[in-house]
Amino acid sequence: MTIHDKIIAITGASSGIGEATARHLASRGAAVVLGARRTDRLEQLVEEITAAGGRAAAVRVDVTDPDDLHSLVDRAVEGFGRLDVLVGNAGVSRISPMTDVDVEGWSAMVDVNVKGVLNGIAAALPVFRAQGSGHLVTVVSTSGLKIVPTQAVYAGTKNAVRTIVEGLRQESTDGVLRTTSISPGYVRTEFIDSALDDPRLREQVKQTMAELGIDPTAVARAIAFAIDQPDDVEIGDLTIRPTRQG
Ligand code: NDP
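Below you will find a few notes about this structure. (Residues numbered from 1 in each chain as written. Predicted model: local features only at pLDDT ≥ 70, side-chain atom pairs only at ≥ 80, totals over all residues. Heavy atoms only, no water.)

1. Topic: the side chain of Ser-183
Argument step 1. Position of Ser-183 among the secondary structure elements: in strand β6 (residues 177-184).
Argument step 2. A residue is classified by how much of its surface remains accessible, and Ser-183, at 2% relative accessible area, is buried.
Argument step 3. Sequence-distant contacts of Ser-183, defined by excluding residues within four places in its chain, comprise Val-140, Ser-141, Thr-142, Leu-145, Arg-162, Leu-238, Thr-239 and Ile-240. (Helix = DSSP H or I, 4+ residues; strand = E, 2+ residues; numbered from the N terminus. Buried < 20%, exposed > 50% of the residue type's maximum accessible area, 1.4 Å probe, protein only. Contact = heavy atoms within 4.5 Å.)

As structure tokens, this is what we get:
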């Protein structure tokens, strides 16, 4: 089975990379089940996908709530018969030097970026194992590959996910589960609008994003590439960044 007819749940599907991924996968024949907190945006997206002949459903999901991830997975199974792929994409960033001691921001990143992915694994893994197949795609970041000042905790959360997924992969060599970690560099999305507490840092990153950032469809195509492989082929890690990114 390639992308066509796969049932794919995506967290953080209300904007940016998640939204672009939903549109791209639906256009390739997948049924997409969209999760995020902004349900107005999700419903609009479902309308557009179905108007174009695709299949989509939306569920309000706050990834910090384990029950919401179960609702997302249940919606896929009850509405479309199974869950082939979970794309753990929802994420937040609070960029500031450690000396700011932004304890609230650190907690938010750990809760969404790390526990949010674990909540997805907890909901999807039993379904994948019962079906005998499944694919977990996580969206991490080049921030975890090149550690820069002001992004220590953000990078740490992304590398925690990278490590957890590799551990899961090592435990899953019976052929049931495929895992893929996608590391985007600068991508033009709303991410930075909600990212920075310090207006000066916000402007710096926004400027870099405007100069360098690639379109989120580039990441969507990379996710599709990983999903589109035959069952015995696992794309483990993919980095997608602007050609001029340092
Ligand atoms: P956006 O801000 O456009 O998208 C973030 C998504 O995450 C939104 O759909 C938002 O939905 C969702 N989200 C945030 N918090 C929660 C929550 N508690 N529960 C459920 N959903 C949540 O940014 P991007 O598309 O850029 O970000 C997507 C992923 O890509 C993130 O994991 C980010 O870390 C990663 N990334 C982004 C890069 C970039 O340059 N843009 C670079 C590298 C990685 P809602 O608010 O409706 O809940």
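Now, onward.
2. Re the packing of helix α1 (residues 16-27) against helix α2 (residues 39-51)
Argument step 1. Remark: α1 packs on α2, axes separated minimally by 10 Å, with the N-to-C direction vectors making an angle of 20°. Taken together, the axes of α1 and α2 are roughly parallel relative to one another. By crossing handedness, the relation of α1 to α2 is classed as right-handed. Each of Glu-19, Ala-22, Arg-23 and Ala-26 in α1 lies in contact with α2, whose residues at this interface are Leu-45, Glu-48 and Ile-49.
Argument step 2. Across the contact of α1 with α2, the residue classes break down as four nonpolar, no polar and three charged. (Axes fitted to C-alpha atoms, helices over the stretch in contact; angles between N-to-C directions. Parallel < 35°, antiparallel > 145°, perpendicular 65-115°, else oblique. Left-handed = near helix turned anticlockwise from the far one by under 90°. Nonpolar A, V, L, I, M, F, W, Y, C, P; charged D, E, K, R; others polar.)

3. Details of empty space enclosed by the protein
Argument step 1. Applying the stated criterion to the full structure yields three cavities of 30 Å³ or more.
Argument step 2. What the largest cavity holds in volume is close to 70 Å³.
Argument step 3. Lining the largest cavity we find Thr-11, Val-63, Leu-69, Leu-86, Gly-88, Asn-89, Ala-90, Gly-116, Val-117, Gly-120, Ile-121 and Leu-136.
Argument step 4. Contributing elements (two or more residues each) for the lining of the largest cavity: β4 (85-88) and α4 (103-131). (1 Å grid on protein atoms, 1.4 Å probe; cavity = no way out; pocket = protein on both sides within 12 Å on 5 of 7 lines; lining within 4 Å. Points joined across faces, edges and corners; volume = space filled by probe spheres on them.)

4. Considerations on the pairing of strand β5 (residues 134-139)
For a regular strand, the rule is simple: side chains alternate between the two faces of the sheet.
Argument step 1. Of all six residues in β5, six are buried; the element is thus mostly enclosed.
Argument step 2. Relative to β5, β4 runs parallel, the two sharing four bridges. Bridge pairing in β5 places Val-85 opposite His-135.
Argument step 3. Of the crossover connections in this fold, the one passing from β4 over α4 to the parallel β5 is right-handed.
Argument step 4. Pairing geometry for β5 and β6, over six bridges, is parallel. The residue of β6 that forms the bridge with Val-137 is Thr-180.
Argument step 5. With helix α5 (residues 152-170) bridging β5 and its parallel neighbour β6, the resulting β-α-β unit is right-handed. (Pairing = 2+ DSSP bridges. Right-handed = clockwise from strand over helix to strand, strands pointing away.)

5. Concerning the packing of α4 against α5
Argument step 1. Orientation of α4 relative to α5, taken along the N-to-C sense of each, is 20°, at an axis distance of 8 Å. On the basis of the axis angle, α4 is roughly parallel to α5. The handedness of the crossing between α4 and α5 comes out as right-handed. Contact with α4, carried on its side by Trp-106, Met-109, Val-110, Asn-113, Val-114, Val-117, Leu-118, Ile-121 and Leu-125, involves Val-153, Tyr-154, Thr-157, Lys-158, Ala-160, Val-161, Ile-164 and Leu-168 of α5 and no other residues of that element.

6. Focus on the site of the ligand
Argument step 1. Close to the ligand lie 30 residues, the nearest being Ser-14, Arg-37, Asn-89, Tyr-154 and Thr-189.
Argument step 2. Gly-12 places a main-chain nitrogen or oxygen 3.0 Å from an oxygen atom of the ligand.
Argument step 3. Coverage of the ligand by the protein amounts to 95% of the 870 Å² it exposes when considered alone.
Argument step 4. Taking a 2 Å distance to the grid points as the criterion, the majority of the atoms of the ligand fall inside the largest pocket.
Argument step 5. Of all the secondary-structure elements, those providing two or more residues to the shell around the ligand are α1 and α5.
Argument step 6. Partitioning the shell around the ligand into residue classes produces 16 nonpolar, nine polar and five charged. (Near = heavy atom within 4 Å. Polar contact = N/O pair within 3.5 Å; in protein donor to acceptor, adjacent residues only side chain to side chain. Areas by Shrake-Rupley, 256 points an atom, 1.4 Å probe, with all protein chains shown as cover. Sits in = over half its atoms within 2 Å of the grid points.)

7. Observations regarding the pattern of salt bridges
Argument step 1. Scanning the model with the defined rule gives 11 salt bridges in all.
Argument step 2. A salt bridge links Glu-190 to Arg-38; the shortest N-O distance between them is 3.3 Å. On the criterion of sequence distance, the pair formed by Glu-190 in the loop between β6 and α6 (199-212) and Arg-38 in the loop between β2 (31-36) and α2 is long-range, its members being 152 residues apart.
Argument step 3. Each member of the salt-bridge network shares a partner with another, and the members are Glu-19, Arg-23 and Glu-48. (Salt bridge = Lys/Arg side-chain N within 4 Å of Asp/Glu carboxyl O.)

8. Some words on the pairing of strand β3 (residues 55-60)
Argument step 1. Here β2 runs beside β3; their pairing, made up of six bridges, is parallel. The partner of Gly-35 across the bridge, within β3, is Val-59.
Argument step 2. Each parallel crossover has a hand, and the one from β2 via α2 to β3 is right-handed.

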